[in-house]
There are 2 protein chains.
Amino acid sequence: MHRNPDPRGTRAHEETHGHPVDGDAVESRARSYAVSKGVPFTPMRQSVLALLAASGKPMSAYEIAEKVSDARKLKAVQVYRALEFLQEAGCVHRLASRSAYFACDHLHGEGETVVFMVCAQCGAVQEAASELVARGLRGAAKTTGFRPRHPMIEVEGECAECAGTPER
Amino acid sequence: MHRNPDPRGTRAHEETHGHPVDGDAVESRARSYAVSKGVPFTPMRQSVLALLAASGKPMSAYEIAEKVSDARKLKAVQVYRALEFLQEAGCVHRLASRSAYFACDHLHGEGETVVFMVCAQCGAVQEAASELVARGLRGAAKTTGFRPRHPMIEVEGECAECAGTPER
DNA sequence: ATTGTGTTGTTACAACATTACACCCAGGAT
DNA sequence: ATCCTGGGTGTAATGTTGTAACAACACAAT
C-alpha cells in the first residue's frame, strides 16, 4: 500500500497535466448536498475539497493533511471525516488501487457504471460511464446467479499526454 | 499435496460455501512457474497456497499468518513474500477492495479481462472473463486517448447462495 | 436555560505493508 | 574442500492507512 509517489524519480513534466477540476462547480454541489442533509459545509470540508480540486490528482489522506496546512496542522482523522462527507456528496471518490482520493466534477447518476482510468505515470484520473461495461458485468453476474450491487472499476494505464511524451 | 481437511459438520452454512479452488491444480501451476523461473517452490510458499486454496475465500496476510501456524508462528512479512511469489505465478490474486488475497485455479490468458465478484455476506469470490466488459473498457479509453494496461474490476454484491438465504 | 445534534480536537490504537539486515543453505567455480 | 553467490528465511523496526472513543464546543429549537 505504499504507492511510490514517483517511482521513476526525475520526471520532466511533473505537477503539470493533472488538470484541475472545476472547483466552483464541485463546491457548489457539495454545498447543495450539505443543505439537503441539513448539515453545514464547514471550512474544514471546504479546504479539503478545494485542495483536491486544485490538485486534480489523487492524494492520500495523509498527503492532504500535510498540504492543507493553512497554518493549522490537520490530523489524518480530521481529513478522513471531511472525505467521508465529500464522498457522500459525490464530489470525491476513493481509488482503492492507490488508497487515494480525488475530486470529481461529474454528476454520476444512480446506478451508473463508472470507469476510473488512472495514469501510471502522472497519476491523473479520467472517468467515463460505460453502458457496455455495465452490460458486460450484468452478463458475467447472471451466469453464476450473482447479484451485483457496487462495481469498482479502475484501469491503470497511460493517459494521452504521458503516452505522447514517452519518456525522457 | 492432498485434499482439504473438509470441516463439513452439522453446521448449516457457515464456513462452508466459499468452496472453489482445486488445490492440486493450483499448486502444480505454482510449481511450473517456480521451475520456469529457476527458483524453489518452498514449504513456506506451499503452506500459504494450500491454506488459501483450502479456504476458498479471501484472507488478509495477517489472517494467513495466524492460520498457517503449523507450529511455527509466521510473521506477516513472510506471508507477504510468499504472496508476492504466488501472485507472480498467477495462483493468487489480491482484492484491493478488501486488502485480501485468494487462490484462483483459472489460468487467465494474457490481456484477458477478469471480473471478480465478491459476496458481501460470505466473502466468496467468483471470477468471470468478459469480452463485453473488455470492449467497454477499450471504448471508454478510446474517447480520451487513454492506453489501458491493467484493469481491476471488483464487484461487490451477493452470491446466489447468500441471496437465497436472505438473513442470518 | 436546557437539550439535542453535529463538528472539532486529540489520543490512542488497529490493520495493512515494507525496509533493513543478519543468517542459512544449496550449487557452481576455484 | 573452500569460496563465492543468489535466493530464501527469521527478526526487528518502521511506515502507511484507517477507526474508535471521548471531551469540548457551536448552534438551533424548544
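Please read all numbers here as calculations on a predicted model, not as lab measurements.

Peer 1: Help me understand the nonpolar core in this model?
Peer 2: One recurring pattern in soluble globular proteins: nonpolar side chains tend to sit buried together. Membership of the largest hydrophobic core comes to 30 residues, with the highest contact counts inside it found for Met 117, Leu 137 and Ile 153 of chain A together with Met 117, Leu 137 and Ile 153 of chain B. Those elements that provide at least two residues to this core are strand 3 (114-119), helix 5 (131-142) and strand 5 (147-158) of chain A together with strand 3 (114-119), helix 5 (131-142) and strand 5 (147-158) of chain B. Residues in contact with Met 117 of chain A, not counting those within four places in the same chain, are Ala 124, Val 125, Gln 126, Glu 127, Ala 128 and Val 155 of chain A together with Ala 140, Ala 141, Thr 144 and Phe 146 of chain B.

Peer 1: Where do I start with helix 3 (residues 61-68) of chain B in this structure?
Peer 2: Every α-helix carries 3.6 residues per turn, so stepping three or four residues along brings you back to the same face. Residues and elements named next belong to chain B. Buried within helix 3 we find Ala 61, Ile 64, Ala 65 and Val 68. Down the axis of helix 3, the buried side of the element spans an arc of 100°, and every buried residue falls inside it. Facing away from the buried side of helix 3, by more than 90 degrees, are the exposed residues Tyr 62, Glu 66 and Lys 67. Considering only its buried residues, helix 3 is in contact with helix 2 (43-55), helix 4 (76-88) and strand 2 (100-103).

Peer 1: When you look at the interface of chain B and chain A in this model, what are you seeing that I'm missing?
Peer 2: In many reports, interface size means the accessible area that the parts give up when they come together. Each side of the interface is counted separately: chain B has 36 residues, and chain A has 35 residues. Both faces considered, chain B and chain A share a buried interface measuring about 2900 Å² in area, 67% of it formed by carbon and sulfur atoms. Between Arg 149 of chain B and Glu 158 of chain A there is a salt bridge, with its nearest N and O atoms 3.0 Å apart. Our count for the contact surface shared by chain B and chain A stands at 12 residue pairs in polar contact (both at pLDDT 80 or more). Of all the elements in the fold, those that place two or more residues in the side of chain B that touches chain A are strand 3, strand 4 (125-129), helix 5, strand 5 and helix 6 (160-164) of chain B. Considering only residue class, the side of chain B that touches chain A consists of 20 nonpolar, nine polar and seven charged. Sheet analysis places strand 5 of chain A next to strand 5 of chain B, joined by 11 bridges and oriented antiparallel. When the sheet's bridge partners are listed, His 150 of chain A is paired in strand 5 of chain B with Glu 156 of chain B.

Peer 1: Please clarify how the relation of the copies chain B and chain A should be interpreted in this entry.
Peer 2: Relating the two copies of this chain is a rotation about some axis coupled with a shift parallel to it. Of the transformation placing chain B onto chain A, the axial shift is 0.0 Å and the rotation is 179°, giving an RMSD of 0.4 Å. Taken together, these values place the two copies in the relation of a two-fold axis. An overlap of 94% is found between the interface residues of chain B and their copies at the interface of chain A, pointing to a shared contact surface.

Peer 1: Just checking my understanding: could you explain helix 4 of chain B for this structure?
Peer 2: Residue and element names in this part refer to chain B. The end-to-end C-alpha separation of helix 4 is 18 Å, in line with the 18 Å expected for 13 residues at 1.5 Å each. Taken as a whole, helix 4 has its buried residues at Ala 76, Val 79, Ala 82, Leu 83, Phe 85 and Leu 86. Its buried side turned inward, helix 4 meets helix 1 (23-37), helix 2, helix 3, strand 1 (92-95) and strand 2. Among the residues trailing helix 4, Gly 90 stands out with phi positive, at a value near 80°.

Peer 1: Where do I start with the confidence of the model for chain A in this structure?
Peer 2: Any residue range with low pLDDT should be treated as having predicted coordinates unsuitable for detailed reading. When pLDDT is averaged along chain A, the result is 87, and 85% of the positions lie at 70 or above. Contacts for the low-pLDDT stretch residues 1-15 of chain A, under 50 throughout, to residues beyond four places or in other chains number 14 contacts.

Peer 1: Where do I start with the packing of aromatic side chains in this structure?
Peer 2: Centre distance and the angle of the planes are the two values used to describe a pair of aromatic rings. Residue and element names in this part refer to chain A. Per the counting criterion, the structure on display carries nine aromatic pairs over all chains. Ring plane angle 75° and centroid distance 6.4 Å describe the contact between Tyr 62 and Tyr 80, whose orientation is recorded as edge-to-face. Of this pair, Tyr 62 sits in helix 3 (residues 61-68) while Tyr 80 sits in helix 4 (residues 76-88), and the two are 18 residues apart along the sequence. For Tyr 80, a relative accessible area of 38% translates into the label partly exposed.

Peer 1: Any chance you could explain the pairing of strand 3 of chain B here in plain terms?
Peer 2: Sheet faces and side chains relate simply in a regular strand, where the side chains alternate between the two faces. Residues and elements named next belong to chain B. Counted residue by residue, strand 3 has six buried out of six residues, so it is predominantly covered. Neither face of strand 3 is exposed, since Val 114, Phe 116 and Val 118 on one face and Val 115, Met 117 and Cys 119 on the opposite face are all buried. Across five bridges, strand 3 lies against strand 4 in antiparallel orientation. In the strand pairing of strand 4, Val 114 is matched with Ala 129. Where strand 3 hands over to strand 4, the hairpin turn is made up of five residues, of which Gly 123 adopts a positive phi near 85°.

Peer 1: What's the story with the sheet that holds strand 3 of chain A in this structure? I'm lost.
Peer 2: Hydrogen bonds between backbone atoms are what pair the strands of a sheet, whose relative direction is either parallel or antiparallel. Taken together, six strands build an open sheet; the order of strands is 4(A)-3(A)-5(A)-5(B)-3(B)-4(B) and the sheet is mixed. Unpaired on one side and paired on the other, strand 4 (125-129) of chain A together with strand 4 of chain B mark the two borders of the sheet. In this sheet, adjacent strand axes meet at a mean angle of 20° when their direction is disregarded. Each of strand 3, strand 4 and strand 5 of chain A together with strand 3, strand 4 and strand 5 of chain B is contacted by helix 5 of chain A, which is oriented at about 125° to strand 5 of chain A, the strand it contacts most.

Peer 1: Could you clarify how one ought to interpret the packing of helix 1 (residues 23-37) of chain A against helix 2 (residues 43-55) of chain A in this entry?
Peer 2: Packed helices, taken two at a time, are described by the angle their axes make and the gap between the axes. Residues and elements named next belong to chain A. Where helix 1 contacts helix 2, the axes come no closer than 10 Å and their chain directions differ by 145°. Every pair of crossing elements has a handedness; the one defined by helix 1 and helix 2 is right-handed. Contact residues: Gly 23, Val 26, Glu 27 and Ala 30 in helix 1; Gln 46, Leu 49 and Ala 53 in helix 2. Residue composition of the contact of helix 1 with helix 2, by class: four nonpolar, two polar and one charged.

Thresholds applied
- Residues numbered from 1 in each chain as written.
- Chains lettered and ligands numbered in written order.
- Predicted model: local features only at pLDDT ≥ 70, side-chain atom pairs only at ≥ 80, totals over all residues.
- Heavy atoms only, no water.
- Core = buried A, V, L, I, M, F, W, Y, C linked by side-chain atoms within 4.5 Å.
- Buried < 20%, exposed > 50% of the residue type's maximum accessible area, 1.4 Å probe, protein only.
- Helix = DSSP H or I, 4+ residues; strand = E, 2+ residues; numbered from the N terminus.
- Contact = heavy atoms within 4.5 Å.
- Arc of directions from axis to C-beta.
- Buried area = accessible area lost by both parts, 1.4 Å probe.
- Salt bridge = Lys/Arg side-chain N within 4 Å of Asp/Glu carboxyl O.
- Polar contact = N/O pair within 3.5 Å; in protein donor to acceptor, adjacent residues only side chain to side chain.
- Nonpolar A, V, L, I, M, F, W, Y, C, P; charged D, E, K, R; others polar.
- Pairing = 2+ DSSP bridges.
- Least-squares fit on C-alpha atoms with pLDDT ≥ 70 in both.
- Expected span 1.5 Å × (residues − 1).
- pLDDT = per-residue confidence, 0-100.
- Phe/Tyr/Trp six-rings, centres within 6.5 Å; stacked < 30°, edge-to-face > 60°.
- Axes fitted to C-alpha atoms, helices over the stretch in contact; angles between N-to-C directions.
- Left-handed = near helix turned anticlockwise from the far one by under 90°.

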